[in-house]
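# Inside the fold
So you can see what is in the structure, the chains are spelled out below.
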Amino acid sequence: FFFFIQDFSKAMSQAGSSQFQEVIRQELEYSMKVELDKILATAHSNEIEHTKKDLEGFKKLFHRFLQEKGPSVDWGKIQRPPEDSIQPYEKIKARGLPDNIASVLNKLVVVKLNGGLGTSMGCKGPKSLIGVRNENTFLDLTVQQIEHLNKSYNTDVPLVLMNSFNTDDDTKKILQKYSHSRVKIYTFNQSRYPRINKETLLPIAKDVSYSGENTECWYPPGHGDIYASFYNSGLLDNLIAEGKEYIFVSNIDNLGATVDLYILNHLMNPPNGKRCEFVMEVTNKTRADVKGGTLTQYENKLRLVEIAQVPKAHVDEFKSVSKFKIFNTNNLWIALSAIKRLQEKNAIDMEIIVNPKTLDGGLNVIQLETAVGAAIKSFENSLGINVPRSRFLPVKTTSDLLLVMSNLYSLNAGSLTMSEKREFPTVPLVKLGSSFTKVQDYLRRFESIPDMLELDHLTVSGDVTFGKNVSLKGTVIIIANHGDRIDIPAGALLENKIVSGNLRILDH
């Protein structure tokens, strides 16, 4: 009897706490609604419609954020994906290409995620407008690639850019320069959501404007927003009406993400007659990729698991290269009709990513975001394809920029391919220190980009500059101590060398 009383009172207190939590949740939702209504009331008549859509989308996300217990997956339910759910690229390539590849290409749309700014590399404006190779920007290279496809096969593959409110104006100005290229370019904007105060869980914006002192009040909610924004823009329906069937989505800063005809053929002409609605390109992990999201089998569905969803006790296991061998490149192939169907049923399920930020004034805020690949579990007959590492060549830092500007790669029709002169297909590990973080500083420190064909590893730290025609081979470590400066002289060859201390080549 005593145990029964104990259990009963425990159950009552749990019920009480869950009722209490429910009351708190309702109060928070009500307060949020009041604040969002106030913000909407400040919109001009021409802004009301799209602001309303944005705030409705945000409200749904906020509701889910309050309902869900946290991002963790149930680790016990994670299984290895079945053998046939992740296909090797070689097997798909071995099928060859049909004679009518042009008619297959005409069903394709290329979508680039273009919402990011170049701030992490010290640049103002859209990241896609940073020069990466022979004065060509990410956007230039993308347009060149698609133009080359359209000319080679006499096709009409359009380019769609998903911009954010941060990148839209600058991108549209630049697009005029491609008006004579053989690529139709469309844009649509992802949503604009209010950042919320971490303590009060209320928006920090007081009105709809996002310029001046309000720039920090708003954010684009991650690339998972593509489904709703693409659908709401009307562009999805227009492309379906034109007979387009698949989109190939990738980050604009991934220079390896070119249209692959073998994967496209596999989608359009599946060997078993059953079309995939969603294909995720994955590639083998190296030590540099241990934090990348991985594909698993979860409740009989392929599911993308990100490090943020892993319970703390299992993070090391998640990072293990031997257990989780692959990671998501964010190169995705998705059926347009499936996006439309799921969007109309409100059936696209993506985990919420809570991204904490500290603003310049010291205020702690959170952004609620989603990731495009997380929707894989909502689509039918999804597939992973294990592609060569060369399809994942992101430029996130100046260390990455050094690789793509070097003679490791040759440029042809907007595509970078690794030089045949390099004896092994892996990319050297490059770590440039904080003196190189900003693109302007980085460019100032190299009179010309070194020969890196035989380089394995480069670490540079401190005040270091490189003269013209320097060659780097094997493992090279250059460390200028605080207050010292190292100038690597023109024509120098550094092979398996550690250079430290102070090295100034005096001008005569």
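The shown structure was predicted, so the numbers you read here are calculated from the model rather than taken from an experiment. (Residues numbered from 1 in each chain as written. Predicted model: local features only at pLDDT ≥ 70, side-chain atom pairs only at ≥ 80, totals over all residues. Heavy atoms only, no water.)

Glancing now at the overall build of the chain. A count of helices and strands for the chain gives 13 helices and 26 strands. In terms of overall size, the chain behaves like a compact globule, its C-alpha atoms giving a radius of gyration of 25 Å where 508 residues would be expected to give roughly 23 Å. Burial status across the chain gives 50% buried among its 508 residues. When contacts within the chain are restricted to residue pairs at least 6 apart in sequence, long-range pairs at least 24 apart make up 71% of them. Of the roughly 25,300 Å² that the chain leaves accessible, carbon and sulfur atoms contribute 51%. Charge-centre separation for the chain: the mean point of 61 positive side chains lies 2 Å from the mean point of 59 negative side chains. (Helix = DSSP H or I, 4+ residues; strand = E, 2+ residues; numbered from the N terminus. Rg over C-alpha atoms; globule rule 2.2 N^0.38 Å. Buried < 20%, exposed > 50% of the residue type's maximum accessible area, 1.4 Å probe, protein only. Contact = heavy atoms within 4.5 Å. Areas by Shrake-Rupley, 256 points an atom, 1.4 Å probe, with all protein chains shown as cover. Lys, Arg positive; Asp, Glu negative; His and termini not counted. Charge placed at Lys NZ, Arg CZ, Asp CG, Glu CD.)

Opposite charge on two side chains permits pairing when their charged atoms draw close. Under the counting rule described, the total for this entry stands at 28 salt bridges. Measuring nitrogen to oxygen at the nearest pair gives 3.1 Å for the salt bridge that ties R64 to E68. Accessibility expressed as a relative area gives 23% for R64, which makes it partly exposed. Its relative accessible area of 37% is what places E68 among the partly exposed residues. Across the salt bridge formed by E245 and R275, the nearest N and O atoms sit 2.5 Å from each other. Taken together, the residues span a long stretch of sequence, with E245 in the loop between α8 (235–241) and β11 (246–251) and R275 in the loop between α9 (261–268) and β12 (278–284) at a distance of 30 residues. Using a relative accessible area of 36% as the deciding quantity, one classes R275 as partly exposed. Taken together, the shared-partner salt bridges in this structure form one network comprising R64, E68, R303, D349, E351 and K377. (Salt bridge = Lys/Arg side-chain N within 4 Å of Asp/Glu carboxyl O.)

What follows deals with the sheet that holds strand β24 (residues 471–480). Strand order in this open sheet of four strands is β21-β22-β24-β26, and the pairing throughout is parallel. Each having just a single partner strand, β21 (429–432) and β26 (493–501) make up the two edges of the open sheet. The mean inter-strand angle of the sheet, taken between neighbouring strand axes irrespective of direction, is 15 degrees. For strand β22 (residues 451–461) and β24, the ladder comprises eight bridges, and the chain directions are parallel. The residue of β24 that forms the bridge with D451 is S471. Running over the sheet, helix α12 (residues 398–405) touches β21 and β22 and is turned about 130 degrees from β21. (Pairing = 2+ DSSP bridges. Axes fitted to C-alpha atoms, helices over the stretch in contact; angles between N-to-C directions.)

Turning our attention to the nonpolar core. Counting residues in hydrophobic clusters, the biggest one holds 107 residues, and the most contacted among them are I226, Y227 and F466. In terms of residue count, helix α5 (residues 138–153) provides more of this core than any other element does, six residues in total. Structurally, this core is a two-domain feature, drawing no fewer than three residues from each of domain 1 (75–391) and domain 2 (398–500). Every residue in contact with I226, bar those within four places of it in the chain, is listed here: V111, L113, M162, F188, V249 and V372. If you look at the next biggest cluster of nonpolar residues, it comprises 26 residues, including L40, L359, I366 and L368. (Core = buried A, V, L, I, M, F, W, Y, C linked by side-chain atoms within 4.5 Å. Domains from an automatic or database assignment.)

The sites that carry the UniProt feature "binding site: substrate" (unreviewed entry) are, in the present numbering, H223. Residue position: H223 is located in the loop between β10 (218–219) and α7 (226–232). On the accessibility criterion, H223 (27% relative accessible area) is partly exposed. Every residue in contact with H223, bar those within four places of it in the chain, is listed here: L113, M162, N251, N330, T370, A371 and V372. (UniProt positions renumbered as here; feature names shortened; annotations may be inferred.)

Attention now goes to the packing of aromatic side chains. The full count for this structure, using the stated rule, is 15 aromatic pairs. Arranged with centres 5.1 Å apart and planes meeting at 65 degrees, the rings of F165 and Y210 form a pair that is edge-to-face. Of this pair, F165 sits in the loop between β6 (159–163) and α6 (168–175) while Y210 sits in the loop between β9 (196–197) and β10; the two residues are 45 residues apart in sequence, bridging distant segments of the chain. Between F248 and W333, the aromatic rings sit 4.2 Å apart at their centres with planes inclined by 25 degrees, giving stacked as the arrangement. Within this pair, whereas F248 is found in strand β11, its partner W333 is found in strand β15 (residues 326–335), the two being separated by 85 residues in sequence. Chaining the aromatic ring pairs together yields one cluster made of F58, F62, F65, Y193 and Y219. The ring of F318 is capped by K285, whose NZ or CZ atom sits 5.0 Å from the centre of that ring. For the cation-ring pair, R303 lies above Y298, with the distance from its terminal atom to the ring centre recorded as 4.3 Å. (Phe/Tyr/Trp six-rings, centres within 6.5 Å; stacked < 30°, edge-to-face > 60°. Lys NZ or Arg CZ within 6 Å of the ring centre and 35° of its normal.)

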